[in-house]
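# Remarks on the overall topology
Each chain, letter by letter, is given below.
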Amino acid sequence: NTVASNALADETDLDNAYLQLSAIEDPVTGEPQDVTVRHMVVPMGLYNKALYALSPQIRATIPGFATSADPKQMTINNPVLAKIGGAPQVITSQLLNKRLTAASVPTTTWYLGDIAAYAEWQEVWPTTFAQFGAMGQLEFQQDIVAQFKASQMGAYRVKNPRKMVENRA
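These lines cover the structure that appears in this document, whether it is placed above or below. Here the residue numbers are simple positions, counted from 1 along each chain's written sequence. The predicted nature of this model means local features are confined to residues of pLDDT at least 70 and side-chain atom pairs, given and counted, to a pLDDT of 80 or more, with totals for whole chains, interfaces and linings taken over all residues. Only hydrogens and water are removed before side-chain values are computed, so all heavy atoms of the structure are retained for them.

## Some points on unusual backbone geometry
Counted only if it meets this: Secondary structure counts use DSSP, requiring at least four H or I residues in a row for a helix and at least two E residues in a row for a strand, with both numbered from the N terminus. The cut-offs for exposure are 20% and 50% of the maximum accessible area for each residue type, with area from a 1.4 Å probe on protein chains only; residues under the lower value are buried, those over the upper are exposed, and the others partly exposed.
For Ser 5, which is not glycine, the phi dihedral falls at a positive 55 degrees. Along the chain, Ser 5 turns up in the loop between β1 (2–3) and α1 (11–23). For Ser 5, a relative accessible area of 68% gives the class exposed. At Ser 104, a residue that is not glycine, the phi angle is positive and equals roughly 60 degrees. Mapped onto the fold, Ser 104 is located in the loop between α4 (96–102) and β6 (110–113).

Next comes the structure, spelled out in structure tokens:
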């Protein structure tokens with residue numbers, strides 16, 4: 001799920017990531033998977049480039065005639081956005097650079113896919129409440145009439161790693 005040499009610069013890099021994501025096959029059926037691109041996760045340093053790559057209009061250059069070499073430029077709608085079904089939500093965090101660095105991942109790495117299909121919260125036990133009532137030792141010593149405690153346990157887990165693609169510069 002990794003695209004090497006795909007630094008986020010413009011819509012062509014977004015297209016490369018989408019093509020890689022679309023090429024991943026379902027391991028059970030062997031058929032191409034159906035992925036809706038909903039999220040683009042970028043470090044803070046790539047946020048502006050992500051917005052640039054997702055701009056609704058881009059400048060296209062068409063080479064001119066062989067004799068005059070006069071290229072023509074025009075502004076067109078971003079064809080990649082039409083291909084992926086619209087602009088995905090750009091997600092970033094100030095902690096992302098630190099987490100990527102701690103995992104020895106370059107801070108130019110960005111991700112494209114569907115986070116909800118990729119990861120989920122797995123609950124080990126639900127939220128439980130406990131109360132320590134009156135007439136205990138703490139009430140006598142520290143005037144604490146009642147105590148309450150809430151406990152919960154769970155963790156995020158990768159549900160389907162084929163729903164996200166990692167892009168490195």
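## Considerations on the sheet that holds β1
Convention followed: For two strands to be treated as a pair, DSSP must find no fewer than two bridges joining them. Here a residue-residue contact requires only that any non-hydrogen atoms of the pair lie within 4.5 Å. Working convention: axes come from line fits to C-alpha atoms, limited for helices to the stretch in contact. Angles between N-to-C directions cover 0 to 180 degrees.
Pairing in this open sheet of five strands is mixed, and the strands run β1-β9-β6-β2-β5 from one edge to the other. Taken across any chain shown, the strands that pair with only one partner, and hence form the sheet edges, are β1 and β5 (89–91). Against the sheet, α1 contacts β1, β2 (39–41), β6 and β9 (164–167), and its axis sits at roughly 55 degrees relative to β6.

## So, the environment of Lys 149
Tracing the backbone through its elements, the reader meets Lys 149 in strand β8 (residues 147–158). Separated by 18 residues in sequence, Lys 149 and Gln 131 place their C-alpha atoms 6.4 Å apart. Those residues within four positions of Lys 149 in sequence are excluded, and the remaining contacts are Thr 128, Phe 129 and Ala 130.

## Thoughts on the packing of aromatic side chains
Keep this limit in mind: Pairing of aromatic rings covers Phe, Tyr and Trp, the last through its six-membered ring, and needs centres within 6.5 Å; plane angles under 30 degrees mean stacked, over 60 mean edge-to-face, and all others mean tilted.
Per the stated rule, a full pass over the model turns up one aromatic pair. Aromatic side chains Trp 121 and Tyr 156 sit 5.1 Å apart centroid to centroid with 75 degrees between the ring planes, which places their arrangement in the edge-to-face category. Separated by 35 residues along the polypeptide, Trp 121 in strand β7 (residues 119–132) and Tyr 156 in strand β8 bring together distant segments of the chain. The class for Trp 121 is partly exposed, based on a relative accessible area of 39%.

## Describing the side chain of Asn 6
This is how it is decided: For the purposes of these results, a polar contact is taken to be a pair of N or O atoms within 3.5 Å, where, inside protein, one atom must be able to donate a hydrogen and its partner to accept one; residues adjacent in sequence count only when each atom of the pair is a side-chain atom.
Structurally, Asn 6 can be placed in the loop between β1 and α1. Within polar-contact distance, the side chain of Asn 6 engages the backbone oxygen of Asp 13 at 3.1 Å. Sequence-distant contacts of Asn 6, that is, excluding residues within four places in its chain, are made with Asp 13, Asn 16, Ala 17, Trp 110, Asn 167, Arg 168 and Ala 169.

## Looking at the nonpolar core
A general tendency of soluble globular proteins is for nonpolar side chains to be buried together. Rules: The term nonpolar core refers to a set of buried residues drawn from Ala, Val, Leu, Ile, Met, Phe, Trp, Tyr and Cys, joined through side-chain atoms within 4.5 Å.
Membership of the largest hydrophobic core comes to 22 residues, with the highest contact counts inside it found for Leu 8, Leu 14, Met 40, Val 42, Ile 84, Trp 110 and Leu 112. Mapped onto this core, the elements with two or more residues apiece are α1, α2 (47–53), α3 (79–84) and β6. Here this core takes four residues from α1, the largest share from any one element. Listed in part, the six residues of the second largest apolar core include Val 41, Leu 96, Tyr 111 and Met 164.

## Some thoughts on the environment of Val 42
As for its position among the elements, Val 42 is in the loop between β2 and α2. Residue Val 42 is classed as buried on the basis of its relative accessible area of 0%. Sequence-wise, Val 42 and Leu 112 are 70 residues apart; in three dimensions their C-alpha atoms are separated by 8.9 Å. Excluding residues that lie within four positions of it along the chain, Val 42 makes contacts with Leu 8, Tyr 47, Ala 50, Val 90, Ile 91, Thr 92, Ser 93, Leu 96 and Trp 110.

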